[in-house]
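# Survey of secondary and tertiary structure
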Amino acid sequence: MVSKPSESRAGAAVAAPVAVKILVAGGFGVGKTTLVAAVSEIRPLQTEELLTDQGVGVDDTEGVEQKTTTTVAMDFGRITIRDGLVLYLFGTPGQDRFWFMWDELSYGALGAVVLADTRRLADCFPAVDYFENRGLPFVVGVNCFEDGYDYSADEIRDALDLSDGIPVVLCDVRERASGKEVLTTLMRHVLTVHRRESQGVGAV
């Protein structure tokens, strides 16, 4: 005779939450560390180091002259989007000399956020190219700085030569709600891309 499972065992049978790895990328000083810190429900892991004179002529600080630190490895945070869905966020370093780490950080990622600064829009081109070449779904989050340029999402899309299917979200990464909206938009986009790919495979 098989006994009925106890309430404790029944509770233990509840499915574990789905864990999703997400990258946060973009140029130097665009707000990647700020986004991860703003939305993370745990104390974020940060690898910030002070900028030194050795970076003069190497790190382009035009437009972000007030920046005094930089990420040298990665940022890490976690956010629960809804019951059963947890995102693990990995912020990439922005400087060219640290791009060799992107391949390691992107392993197993389901999607990415490319942060853009309208004052230095060209800085996000390498991240856009990186994810396009690898077929990794991504959205562009335009961090709206007070002294930035007031462009619409469509103008940003045209400037970056993005396809119509890639979402562009205007945001303030200092605000948790704004950052969460960017991540929610990314997850919707990831689901759309995977649904389309599945239908394409089924049609073959």
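Residues numbered from 1 in each chain as written. Predicted model: local features only at pLDDT ≥ 70, side-chain atom pairs only at ≥ 80, totals over all residues. Heavy atoms only, no water.

### So, the sheet that holds strand β8 (residues 168–171)
We count it as follows: Here, a strand pair is defined by DSSP locating no fewer than two bridges between the strands. The way it works is that DSSP assigns letters per residue, a run of H or I at least four long becomes a helix, a run of E at least two long becomes a strand, and they are numbered from the N terminus. Here an axis means a line fitted to C-alpha atoms, over the contact stretch when the element is a helix, while the angle between two N-to-C directions is reported on a 0 to 180 degree scale. Whether two residues are in contact is decided by their heavy atoms, any of which lying within 4.5 Å being enough.
The strand order across the open sheet formed by 6 strands is β4-β5-β1-β6-β7-β8, and the pairing between neighbours is mixed. Bordering the open sheet on either side are β4 (75–82) and β8, each of which pairs with just one other strand. Neighbour-to-neighbour, the strand axes of this sheet turn through a mean angle of 25°, independent of strand direction. Sheet contacts for helix α5 (residues 153–160): β7 (138–143) and β8; angle to β8, the most-contacted strand, approximately 125°.

### Focus: empty space enclosed by the protein
Basically, it comes down to this: Computed over the protein atoms alone on a 1 Å grid, cavities are sets of points where a 1.4 Å probe fits but cannot get out and pockets are open sets with protein on both sides within 12 Å along at least five of seven lines; a residue lines them when it has an atom within 4 Å of a point. Grid points are joined across faces, edges and corners, and a volume is the space filled by probe spheres set on the points.
Summed over the entire model, instances satisfying the criterion amount to 1 cavity of 30 Å³ or more. Its volume calculated, the largest cavity comes out at about 50 Å³. Surrounding the largest cavity, Gly27, Phe28, Val30, Leu115, Ala116, Asp117, Arg120, Leu121, Asp123 and Cys124 form its lining.

### Focus: the pattern of salt bridges
Side-chain pairs of opposite charge can arise whenever the charged atoms involved come near each other. Rule in force here: Every case where a carboxyl oxygen of Asp or Glu lies within 4 Å of a side-chain nitrogen of Lys or Arg is listed as a salt bridge. Relative accessibility under 20% of the residue-type maximum defines a buried residue, over 50% an exposed one, and the middle range a partly exposed one, all with a 1.4 Å probe and only protein chains included.
Tallied over the full model, the rule gives 7 salt bridges. With a closest N to O distance of 3.5 Å, aspartate 103 and arginine 134 form a salt bridge. With a gap of 31 residues between them, aspartate 103 in helix α3 (residues 102–106) and arginine 134 in helix α4 (residues 125–134) connect regions that are remote in the sequence. For arginine 134, a relative accessible area of 48% gives the class partly exposed. One salt bridge in this structure joins arginine 174 and aspartate 172, with 2.8 Å as the shortest N-O distance. With relative accessibility at 49%, the residue arginine 174 sits in the partly exposed group.

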